[in-house]
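Observations on chain architecture
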Amino acid sequence: MTGPVQDSHRLSVKTWTEDESDRADSTPSRAQSMCDDTCSELQRMAAIDRRDINSQNSLHGRGALSRIVSMVMSLREWAQKSLAEETERPDSFLERFRGPANTDMQAPPSRFSHSGSDTEHEIRRSRRIKRKCNVEVLSPSDDAYYYWLMVIGAAVFYNWTLLVVRACFDELQMRNVLVWVVLDYICDGVYILDIAVRLHTGFLDQGLMVKDMRRLREAYVRTLQCKSDICSILPTDLLYLAVGISYTPLLRFNRLLRLSRLFEWFERTETRTGYPNAFRICKLVLYILVIIHWNACGYYSFSKVLGLGSDSWVYPNASDPEFGSLTRSYIYCLYWSTLTLTTIGETPPPVRDEEYLFLIFDFLVGVLIFASIVGNVGSMISNMNATRAGFQSRVDTLKHYMQFRHVSKVLEQRVIRWFDYLWTNQKTIDEQEVLRSLPNKLRAEIAINVHLDTLKKVRIFQDCEAGLLVELVLKLRPQVFSPGDYICRKGDVGKEMYIIKDGQLAVVGEDGVTQFAVLTSGSCFGEISILNISGSKMGNRRTANIRSLGYSDLFCLSKQDLMDALQEFPHARAQLEQRGRDILRKEGLLDEVNVSAGEELEEKVERLETSLDRLQTCLARLQSEFNSSQLRLKQRITTLEHNVTTVATGSGFLSDDSVFGGDGVRSEINIRL
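Each value, and the rule that gives it
Residues numbered from 1 in each chain as written. Predicted model: local features only at pLDDT ≥ 70, side-chain atom pairs only at ≥ 80, totals over all residues. Heavy atoms only, no water. 1 Å grid on protein atoms, 1.4 Å probe; cavity = no way out; pocket = protein on both sides within 12 Å on 5 of 7 lines; lining within 4 Å. Points joined across faces, edges and corners; volume = space filled by probe spheres on them. Nonpolar A, V, L, I, M, F, W, Y, C, P; charged D, E, K, R; others polar. Axes fitted to C-alpha atoms, helices over the stretch in contact; angles between N-to-C directions. Helix = DSSP H or I, 4+ residues; strand = E, 2+ residues; numbered from the N terminus. Parallel < 35°, antiparallel > 145°, perpendicular 65-115°, else oblique. Left-handed = near helix turned anticlockwise from the far one by under 90°. Contact = heavy atoms within 4.5 Å. Phe/Tyr/Trp six-rings, centres within 6.5 Å; stacked < 30°, edge-to-face > 60°. Buried < 20%, exposed > 50% of the residue type's maximum accessible area, 1.4 Å probe, protein only. Lys NZ or Arg CZ within 6 Å of the ring centre and 35° of its normal. Core = buried A, V, L, I, M, F, W, Y, C linked by side-chain atoms within 4.5 Å. Expected span 1.5 Å × (residues − 1).

Take the layout of surface pockets next. Approximately 630 Å³ is the volume found for the largest pocket. Along the wall of the largest pocket there are 24 residues; nearest its centre are Lys-427, Ile-429, Glu-431, Pro-478 and Val-480. Here the residues of the lining of the largest pocket are counted per class, giving 11 nonpolar, five polar and eight charged. Space inside the second largest pocket adds up to approximately 540 Å³. Every residue lining the second largest pocket is counted, 24 residues in all, and those nearest its centre are Phe-525, Gly-526, Ile-528, Thr-543 and Glu-587.

Rendered as structure tokens:
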């Protein structure tokens, strides 16, 4: 009996192992095969354990293990089936964004299929390719993109200045043919690379940089600039094989369509440079020179059409030795163009009708150029002097006020010298007004870069959390004091603290001459008085006279601003007060008895506030109950009045006889509510 049973169990184990091995052939991952091996081992142990199935106590024998293994296998098969179904179930939310599914595409593979590992490999490879593409995408704000604009701008400027002069002056074109061919094809290569750069230039979508190559390509192809770029690199210059090499510059005029890249470089340079007004003037002068250059070339070509030296208006004949050289030809035409476009005149009068029309057109263009020069230069000069004009207006207004109020000459001179110091040291800009247009985040970053190092030098703000320092740095107000000005006097109520940015301050005696100490850049004073620390022997009073030795630049932080900032940071407030007590204790200005009394007083105040809050809560609850009871009473009275009116209406009216009996006794009317 034992042998057949064992053989049957071995057969069952073998059969399960074969089924499991067939199932393991379709396992995609290493973890799944390990799981199958583990389950096979459990099944083998269960088969061996069934030999003792005749044990008397199955709970303590090996039969319990076989039942546990069977239950585990059942749970495993159910979990595999559930996970497979869950993996293959499509996401309806994603389907709405992806659009209708493609019927030719296969369903997503299951976790337990053969193609799982291949799909994961493809996903990883596509991600690597995408990351590689993302690295190559340029942002329009990057320095590399700006430098590329400089390169393509140089190529565009080359075509706009030299193509026309080569097309008009044949001697210049034929003298250096090889040089022009090399330069032309270098510019063509730059143009082709520029198309590749445009295809790899990202753009912002909902505030994020788009780096998907497919979207970048589609966005660029749909623009008019793409068609213009393609037209600008068409090899039209190859037609010189049919018409002659002297016509090559004229055949390359399609390269002028890339002018927008030069304008883009101008705009970005104007934004980046620290001297925008000077750059605008240089750009305006460049525009004028290019227009004069083109007009000079047009004048020479028009003279060739009419005949060189045919009359006094056109360019003289090249047979004349004085006008035969290439340099003299170009300079003469440039001189004529300058005189014409600037409307100065003093050129030979036209003779033919064509010459009159050409000169009329030049005069109209010259008037527009002159108007643009006057308008742009005037605007630039006014912008350059706007700060000076505003500052001078403030000074003039103050001078008129002091003269009207008969201010002494000594004080008036001090005020004027103070204004001179501000203008000389470029301290006339109102920082709050300049930064007002920025969002709070950028304003905080700029203020941190400017003032944070100074604020960290204050002893009481050292090791303070960054959030509080940001709040405080936005509240700093710069102030400038003249020589001899008192910043604070002994005994004054402290409402502000000061941080020295530049200059020297002296701690002086009552006479204003005796110096006890000198405060330099980075020092601060007044920080203890604005905290109003309990137990301080001086309270919130100033303890010394501080006077400016020369012109001093200080940062001022008011007590109200500090308290407003500390309301959002109670923990930081406790730290600052404790640090202030330590400083006062070290200097012997802290009364410990008053500190304990102050702490007890604070505890009493807190208890009173708690009791007051509790009383307010009780009062609010009582008021609510009173309002609800009053509402119910009003409803009952209204119902009673309605019933009385109904009874009175049903009996017609209530007479005295109906109310009182014949014997003078009042009858009762029972009303059921």
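Still to come is the rest of the account.
Axis separation between helix α6 (residues 143–168) and helix α13 (residues 259–272) bottoms out at 8 Å; the angle between their running directions is 130 degrees. Considering their axes alone, α6 and α13 lie oblique with respect to each other. Crossing hand, α6 versus α13: left-handed. In this structure, α6 uses Asp-143, Tyr-145, Tyr-146, Trp-148, Leu-149, Met-150, Ile-152, Gly-153, Val-156, Phe-157 and Trp-160 to contact α13, whose residues at the interface are Leu-259, Arg-261, Leu-262, Glu-264, Trp-265, Arg-268, Thr-269 and Arg-272. A breakdown of the residues in the contact of α6 with α13 according to their chemical character gives 12 nonpolar, two polar and five charged.

Under the defined criterion, the tally for this structure stands at 26 aromatic pairs. Ring centres 5.2 Å apart and planes at 75 degrees place the aromatic pair Trp-418 and Phe-419 in the edge-to-face group. Trp-418 gets classed as partly exposed once you look at its relative accessible area, which sits at 24%. Chaining the aromatic ring pairs together yields one cluster made of Phe-169, Tyr-300, Tyr-315, Phe-323, Tyr-330 and Tyr-332. Note that Arg-258 overlies the ring of Tyr-191, its terminal NZ or CZ placed 4.5 Å from the centroid. The ring of Tyr-146 has Arg-272 lying over it, and the distance from NZ or CZ to the ring centre is 4.5 Å.

What follows deals with the packing of helix α14 (residues 276–306) against helix α15 (residues 326–341). Closest axis-to-axis distance for the α14/α15 pair is 8 Å, and the angle between their directions is 115 degrees. The crossing of α14 and α15 is right-handed. In this structure, α14 contributes Ile-291, Ile-292, His-293, Asn-295, Ala-296, Tyr-299 and Tyr-300 to the contact, and α15 contributes Ser-329, Tyr-330, Tyr-332, Cys-333, Leu-334, Trp-336, Ser-337, Thr-338 and Leu-341. The residue inventory of the contact of α14 with α15, partitioned by class, reads 11 nonpolar, five polar and no charged.

Counting 37 residues, the largest nonpolar core has Ile-152, Phe-169, Tyr-299, Trp-313, Tyr-315 and Cys-333 as its most contacted members. When residues of this core are traced back to their parent elements, those giving at least two are α6, α8 (177–199), α13, α14, α15 and α16 (353–384). Examining the composition of this core, we find that 11 residues originate from one element, α6, more than from any other.

Counted at 1.5 Å a residue, the expected span for α13 with its 14 residues is 20 Å, and the 20 Å between its end C-alpha atoms agrees. Residues Arg-261, Leu-262, Glu-264, Trp-265, Phe-266 and Thr-269 constitute the buried set of α13. Looking at the packing, one finds that the buried side of α13 touches α6, α8 and α14.

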